Amino acid sequence: METRWATVDGVHLQLPADCTATELRDQLRKPDDAVLIAVTGDLVSIVHDEEQPLSAMVAGCADTYYFRRSDEPDRNDVLAASEIDDALEEPTSDETTFQRPGIDH
């Protein structure tokens with residue numbers, strides 16, 4: 001199985017290329033209600049289909065991942081983006097992707 005390096009909630013670790021959000025959450029002992037948010041260069045993706053391999057989504061290209069809960073304070077500009085709350089209210093696909101806040105395009 002191919003692996004790659006990524007940062008998850010500030011920890012740099014190896015991830016299997018075909019892991020899912022659920023598998024990642026379980027291995028890292030994250031709460032069930034935590035949403036996986038992936039950062040790929042100037043894109044941010046919120047994963048809605050937690051059983052689909054990340055490699056089949058934009059989120060699979062990410063070098064940084066965060067698990068975010070609705071009741072926690074924002075840790076950075078990415079997690080404070082209003083697009084995250086909008087995407088969580090009405091998901092329309094397996095993931096929602098938008099431009100990273102604070103980057104001039």
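Structure: see above.
Scoring rules and cut-offs
Along each chain, residues carry numbers from 1 onward, in the same order as the chain's sequence is written. Two thresholds apply to this predicted model, a pLDDT of at least 70 for residue-level local features and 80 or more for giving and counting side-chain atom pairs, whereas whole-chain, interface and lining totals are computed over all residues. Side-chain numbers here rest on the full set of heavy atoms in the structure, without hydrogens or water. Just to be clear on terms, a salt bridge is a Lys or Arg side-chain nitrogen sitting within 4 Å of an Asp or Glu carboxyl oxygen. Strands are runs of DSSP state E lasting at least two residues, helices are runs of H or I lasting at least four, and both sets are numbered from the N terminus onward. Burial classes: relative accessible area under 20% of the type maximum marks a residue as buried, over 50% as exposed, and values in between as partly exposed (1.4 Å probe, protein chains only).

Colleague: I keep staring at the pattern of salt bridges and nothing clicks. Help me out?
Modeller: If the charged atoms of two oppositely charged side chains come close together, the side chains can form a pair. For the coordinates displayed, the defined rule picks out six salt bridges. A salt bridge links arginine 68 to aspartate 85, with the nearest nitrogen and oxygen atoms 3.1 Å apart. Of the two residues, arginine 68 sits in strand S5 (residues 64-68) while aspartate 85 sits in helix H2 (residues 82-89), which places them 17 residues apart along the sequence. Put simply, arginine 75 and glutamate 72 hold a salt bridge, and the shortest N to O gap is 3.3 Å. Overall, arginine 75 belongs to the partly exposed group, its relative accessible area being 43%. Of the residues examined, glutamate 72 reaches a relative accessible area of 26% and is grouped as partly exposed. Because the salt bridges share partners, they merge into one network encompassing Asp9, Lys30, Glu72 and Arg75.

On their own, these measurements won't tell you what the molecule is for.
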